[in-house]
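Close look at the chain arrangement
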Amino acid sequence: MAALRYAGLDDTDSEDELPPGWEQRTTKDGWVYYANHTEEKTQWEHPKTGKRKRIAGDLPYGWEQETDENGQVFFVDHINKRTTYLDPRLAFTVDDNPTKPTTRQRYDGSTTAMEILQGRDLSGKVVVVTGANSGIGFETAKSFALHGAHVILACRNMARASEAVSRILGEWHKAKVEAMTLDLALLRSVQHFAQAFKAKNVFTDINDSSGKLDFSRLSPSKSDYWAMLAYNRSKLCNILFSNELHRRLSPRGVTSNAVHPGNMMYSALHRGWWVYTLLFTLARPFTKSMQQGAATTVYCAVAPELEGLGGMYFNSCCRCLPSAEAQSEDSARALWALSERLLQGAPGGPPS
Ligand SMILES: NC(=O)c1ccc[n+]([C@@H]2O[C@H](COP(=O)([O-])OP(=O)(O)OC[C@H]3O[C@@H](n4cnc5c(N)ncnc54)[C@H](OP(=O)(O)O)[C@@H]3O)[C@@H](O)[C@H]2O)c1
């Protein structure tokens, strides 16, 4: 083809060869269209293949795109001091496959974290993952690290954390992973972690973080304590806290969403009681894998459509409405106020 020969790039794709009288041109924004000089008509579809195409890549070195007085795009080859109406990038077109609108969501409960990150380059991003030495946290950390992010595994047990770092490096020796000490049950440790993280001078975009909530029952006496109930209350607090954190920090560009990873996934969560181990073992064939459990967290962290959005709750990569209590703004504010009160005067907490 003349344009390609002119640019020194002969087209070898004979299927794409135009019938006599046709010429291909490009619009300013990179779409290819076809002009028939005999019939004096233009169309978007290739006259033989019916495909629509777009230009891919930049103009060759020394070339510039300009517009003539009729608004038609032409190209200047400054090195050879010539002009042409034919785009030299026509050698590098890609098919434009218009995807049919679909009502099916892109990701669901079977999607894995690695699938969500497929093709993503997260170099330059810093991700802090808590609870990263096992279960869902580990898969989350590994998935981010294998896609180029600098991942900090924030764990209370350095031996287990170092082992997790080694496992990730075993999968990709260039992964940028490191362990830092953080025991979320000790305020002093949280403070040390914050200081050590700040001293690193890196900025993080991504941090990992479900009946009626009776605030007086958040720390019940030993005789009133039932692990399952305490666990459920803690999950409700997770959502309320995430919502309030988002309300307070979103004006400063920090967003927060709450996620539900799945049910009874076979992590280390059941280790506290043999009955749980039995139940988790029985449920294992029917529950999500760790990779699937990590997917919703990873989705919320990187989805371009969620950029700048927060205060929401996600399950299986899909926005859902949590219980009415979890949506309560009053409870979210009250939980925040209670947290502040508990911190006042606590060892390692802010001074009263
Ligand atoms: N598995 C499920 O079916 C399921 C379902 C719904 C929600 N979730 C939630 O998903 C999250 C991860 O659970 P998982 O299933 O992956 O459980 P997991 O394997 O037991 O992992 C929990 C992680 O949290 C760490 N951790 C616990 N207490 C900590 C503390 N005080 N400071 C710092 N780190 C601490 C643990 O570290 P150590 O190794 O040092 O103990 C471990 O790395 C939990 O919030 C869980 O409630 C899980």
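For the structure itself, look to the data block above.
Basis of the calculations
- For every chain, the first residue of the written sequence is number 1, and numbering continues from 1 onward in sequence order.
- Per-residue local features are limited, in this predicted model, to residues with pLDDT of at least 70; the limit for side-chain atom pairs, both in listing and counting, is 80 or more; totals at the level of whole chains, interfaces and linings are taken over all residues.
- With hydrogens and water set aside, each side-chain value is computed from the structure's full complement of heavy atoms.
- Each nonpolar core is a collection of buried residues, namely Ala, Val, Leu, Ile, Met, Phe, Trp, Tyr and Cys, held together in the definition by side-chain atoms within 4.5 Å.
- Only protein chains enter the accessibility calculation, which uses a 1.4 Å probe; a residue is then buried when its area is under 20% of its type maximum, exposed when over 50%, and partly exposed in between.
- Labels follow the DSSP assignment, with helices taken as runs of H or I lasting at least four residues and strands as runs of E lasting at least two, numbered in each case from the N terminus.
- Only heavy atoms enter the contact rule, under which two residues are in contact if any of them lie within 4.5 Å.
- Salt bridge, as used here: a side-chain nitrogen of Lys or Arg that lies within 4 Å of a carboxyl oxygen of Asp or Glu.
- Planes of paired rings set the category: under 30 degrees apart is stacked, over 60 is edge-to-face and the rest tilted, where pairs are Phe, Tyr or Trp rings (Trp by its six-membered ring) whose centres lie within 6.5 Å.
- In this analysis the charged atom, NZ for Lys or CZ for Arg, is taken to sit over a ring once it is within 6 Å of the ring centre and within 35 degrees of the ring normal.
- Comment: axis = line fitted to C-alpha atoms, over the contacting stretch for helices; angle = value between 0 and 180 degrees taken between N-to-C directions.
- Note that the term roughly parallel is reserved for angles under 35 degrees, roughly antiparallel for angles over 145, roughly perpendicular for angles of 65 to 115, and oblique for everything else.
- A crossing counts as left-handed when the near helix is turned anticlockwise from the far one by less than a right angle, and as right-handed when that turn is clockwise.
- Residues are grouped as follows: Ala, Val, Leu, Ile, Met, Phe, Trp, Tyr, Cys and Pro are nonpolar; Asp, Glu, Lys and Arg are charged; every other residue, Gly included, is polar.
- In this text, near means that some heavy atom of the residue lies within 4 Å of the molecule or strand in question.
- Within 3.5 Å is the distance limit for a polar contact, defined as a pair of N or O atoms, with the added protein rule that one can donate a hydrogen and the other accept it, and that residues adjacent in sequence qualify only through two side-chain atoms.
- Method for areas: the Shrake-Rupley scheme with a 1.4 Å probe, in which residue coverage is limited to the protein chains shown.
- Note on pairing: DSSP must find at least two bridges between two strands before they are called paired.

**With respect to the nonpolar core**
In terms of nonpolar packing, the biggest core is built from 33 residues, with Ile-116, Phe-144, Val-151, Leu-153, Ile-168, Val-177 and Tyr-299 touching the most fellow members. Within the residue set of this core, elements represented by two or more residues are helix H2 (113-117), strand E9 (126-130), helix H3 (135-145), strand E10 (150-155), helix H4 (158-171) and helix H8 (290-302). Not counting residues up to four positions away in its chain, the partners in contact with Ile-168 are Phe-138, Ala-141, Lys-142, Ala-145, Leu-153, Ala-175 and Val-177. Ranked by size, the runner-up nonpolar core spans 10 residues in total, among them Leu-213, Tyr-313, Ala-326 and Ala-332.

**Structural notes on the pattern of salt bridges**
Following the criterion strictly, the structure yields 12 salt bridges and no others. The salt bridge partner of Arg-89 is Asp-87, with a shortest N-O separation of 2.8 Å. Taking the shortest distance from any N to any O, the salt bridge between Glu-244 and Arg-248 comes out at 2.9 Å. Of this pair, Glu-244 and Arg-248 both sit in helix H6 (residues 227-249), separated by 4 residues, roughly a single helical turn. Residue class for Glu-244 comes out buried when judged on its relative accessible area of 2%. Relative accessible area serves as the criterion here: at 36%, Arg-248 is assigned to the partly exposed category. Among the charged side chains, a network of salt bridges with common partners joins Glu-139, Lys-142 and Glu-171.

**Describing the packing of aromatic side chains**
Under the definition given, this model contains 7 aromatic pairs. Put simply, the rings of Tyr-107, Tyr-299 and Phe-314 pair up and form one aromatic cluster. Directly above the aromatic system of Trp-31 lies the positively charged group of Arg-54, at a separation of 4.4 Å from the ring centroid. Here Arg-167 stacks its cationic end above the ring of Phe-138, 3.9 Å away from the centre of that ring.

**A look at the packing of H3 against H4**
Taken N-terminus to C-terminus, the directions of H3 and H4 make an angle of 40°; their axes are 10 Å apart at the nearest point. What the angle tells us is that H3 and H4 run oblique. Where H3 crosses over H4, the two elements pack in a sense that is right-handed. When H3 is examined against H4, the residues Phe-138, Ala-141, Lys-142 and Ala-145 are found in contact with a partner set consisting of Ala-164, Arg-167, Ile-168 and Glu-171. Class assignment of the residues belonging to the contact of H3 with H4 gives a composition of 5 nonpolar, no polar and 3 charged.

**Here's the deal with the site of the ligand**
Around the ligand sit 23 residues in total, of which Ser-134, Tyr-231, Lys-235, Met-265 and Ser-267 are the nearest. One of the backbone nitrogen or oxygen atoms of Gly-131 is found 3.3 Å away from an oxygen atom of the ligand. Met-264 places a main-chain nitrogen or oxygen 2.9 Å from an oxygen atom of the ligand. Calculation on the ligand without its partners gives an accessible area of 900 Å², and the protein chains cover 82% of this total. Residue assignment for the shell around the ligand shows that the elements contributing at least two residues are H3 and H6. Residue composition of the shell around the ligand, by class: 10 nonpolar, 8 polar and 5 charged.

**Quick notes on the packing of H3 against H8**
For the pair H3 and H8, interaxial distance at closest approach is 8 Å and the crossing angle is 55°. Classified by the angle their axes make, H3 and H8 are oblique. At the point where H3 passes H8, the crossing takes the right-handed sense. Packed against H3, whose contacting residues are Gly-135, Ile-136, Glu-139, Thr-140, Lys-142, Ser-143 and Phe-144, the element H8 presents Met-290, Gln-291, Gly-293, Ala-294, Thr-297, Val-298, Ala-301 and Val-302 at the interface.

**Points about the sheet that holds strand E7 (residues 82-84)**
The 3 strands are arranged E5-E6-E7 in an open sheet whose pairing can be described as antiparallel. A single partner strand is all that each edge strand has here, and the edge strands are strand E5 (63-67) and E7. Shown here is a sheet whose adjacent strand axes are inclined to one another by a mean of 30°, direction ignored. Here E5 pairs with strand E6 (residues 73-77) via 5 bridges, running antiparallel. From the neighbouring strand, Glu-64 faces E6, where its bridge partner is Val-76.

**A look at the sheet that holds strand E2 (residues 32-36)**
Ordered in space as E1-E2-E3, the 3 strands form an open sheet in which the pairing is antiparallel. This sheet does not close on itself; its edge strands, each paired only once, are strand E1 (22-26) and strand E3 (41-43). Taken pair by pair, the neighbouring strands of this sheet meet at an average axis angle of 30°, ignoring direction. Where E2 meets E3, 3 bridges bridge the pair, whose relative direction is antiparallel. Note that in E3 the partner of Ala-35 across the bridge is Thr-42.

**Concerning the pairing of E6**
For E6, the buried fraction is high: 5 of the 5 residues fall into the buried class. Of the two faces of E6, both are covered, the one formed by Val-73, Phe-75 and Asp-77 as well as the one formed by Phe-74 and Val-76. Connecting E5 to the next strand, E6, in antiparallel fashion are 5 residues, including Gly-71 with a positive phi near 85°. Pairing of E6 with E7 involves 3 bridges; the strand directions are antiparallel. Each bridged residue has a counterpart across the sheet, and for Val-76 the counterpart in E7 is Thr-83. Adjacent in sequence and paired antiparallel, E6 and E7 are bridged by 4 residues, among which Lys-81 carries a positive phi angle near 55°.

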